[in-house]
Amino acid sequence: MSNQKNKQKKRPPRRSPRQANTVRFPLPFVMLLCWMGSYAGDEECSCGASPDYEIDSFVDAEGLLEAEGPGEKDHVLLSALEQQRNGAFAIYQTFLVCRQHALQLFTELYGEQDAQQALSPLLLGLSNLTVTVGREITDAKSPHGTLQVSYTNATTVPEVIEAHTGYAVTKMPTRSSAE
């Protein structure tokens, strides 16, 4: 009988080794949507005007724009939330937009009320600050939460993430060129 006890299957570990090495930010968590600042380069907005803002999106903005209905938008946002809670922050797209198109882009991505709140400092001419926009998430199954807008002098993505989340970023994930 003692031989049979030794041959019993071992109990699997409670966490996989991958999970044990992954940072998992607790809820409530502020999902970073984008950061933006004034743009002073030579590029043009899609309308031909000189861009006022450079907006870097930390969620798949193109996926949000192409989503058919609120359910698909929620799926895109939940995917970004899961990645960020695991410590993976990446810039998906960069937009160079004039003032009018910045408001239009934000309205299409997040809704009119959020767009006006997020862009208000830039619309008021506060050009020397970087604006970060996120949502405070309290339920891991819902990407909806209170809009969080913060203003910093940060100039790099790790500085922006640290200013917005309160956590230092030691390594930025790299994205493959095929994506």
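Each chain has its residues counted from 1, following the order in which its sequence is written. Note on the predicted model: pLDDT of at least 70 is required for a residue's local features to be given, and 80 or more for side-chain atom pairs to be given and counted; whole-chain, interface and lining totals, by contrast, use all residues. As a convention, hydrogens and water are excluded, and side-chain values are obtained from all of the structure's heavy atoms.

A. Highlighting the overall build of the chain. In this description a helix means any DSSP run of H or I spanning at least four residues, a strand means any run of E spanning at least two, and both kinds are numbered starting from the N terminus. Looking only at helices and strands, the chain has 7 helices and 5 strands in total. Moving toward the C terminus, one meets the helices and strands of the chain in the order α-α-β-β-α-α-β-α-α-β-β-α. Throughout this description, buried means an accessible area under 20% of the type-specific maximum (1.4 Å probe, protein chains only), exposed means over 50%, and partly exposed covers the range between. The buried share of the chain, reckoned over its 179 residues, is 35%. Throughout, a residue-residue contact means that at least one pair of heavy atoms, one from each residue, lies within 4.5 Å. The long-range share in the chain, meaning contacts at least 24 apart out of those at least 6 apart in sequence, stands at 69%.

B. Representation of the pattern of salt bridges. By definition here, a salt bridge exists when the distance from a side-chain nitrogen of Lys or Arg to a carboxyl oxygen of Asp or Glu is within 4 Å. A full pass over the atoms with the stated rule returns 1 salt bridge. Among the salt bridges present, the one from D114 reaches R135, with a minimum N-O distance of 3.1 Å. A residue pair is termed long-range when its members are at least 10 positions apart, and D114 in helix α6 (residues 112-123) and R135 in strand β4 (residues 130-137) qualify at 21 residues.

C. A look at helix α5 (residues 99-110). Here α5 spans 16 Å end to end across 12 residues, near enough to the 16 Å set by a 1.5 Å rise per residue. Listed in full, the buried residues belonging to α5 are H101, A102, L105, F106, L109 and Y110. Buried residues of α5, viewed axially, fall in a sector of 135°; they line one side. One or two residues past the end of α5 sits G111, with phi positive at roughly 105°. One less than the residue count of a helix, multiplied by 1.5 Å, gives the span that helix is expected to have. Our arc is simply the arc of the directions from the helix axis toward the C-beta atoms.

D. Fine view of the sheet that holds β4. If DSSP finds at least two bridges between two strands, the strands pair. The strand order across the open sheet formed by 5 strands is β3-β2-β1-β4-β5, and the pairing between neighbours is antiparallel. In this open sheet, the two strands that pair with only one neighbour each are β3 (93-97) and β5 (146-152). Mean inter-strand twist for the sheet, computed between neighbouring axes without regard to direction, equals 20°. When strand β1 (residues 29-38) meets β4, the two strands line up antiparallel, connected through 7 bridges. For F29, the partnering residue across the bridge sits in β4 and is I137. Where helices are involved, their axes are fitted lines through C-alpha atoms of the stretch in contact, as for all axes, and angles between N-to-C directions lie from 0 to 180°. Lying on the sheet, α5 is in contact with β1, β2 (53-57), β3 and β4; it crosses β2 at an angle near 20°.

E. Broad picture of the state of the cysteines. In what follows, a disulfide is any cysteine sulfur pair within 2.5 Å. Under the criterion given, the structure shown has 0 disulfides. Distance from the sulfur of C45, which forms no disulfide, to the nearest cysteine sulfur (C98) is 3.8 Å.

F. Expanded view of the confidence of the model for the chain. This prediction gives the chain a mean pLDDT of 78; 77% of its residues lie at or above 70. By mean pLDDT, the top-scoring element of the chain is β3 (93), and the lowest-scoring one is helix α2 (residues 17-20) (41). One number per residue, pLDDT, summarises how confident the predictor is, and it ranges from 0 to 100. Overall, residues 5-21 carries pLDDT values under 50, and its contacts beyond four positions in sequence, including any with other chains, amount to 1 contact. Predicted confidence is poor over residues 175-179, with pLDDT under 50, and the contacts of this stretch with residues over four places away or in other chains come to 3 contacts.

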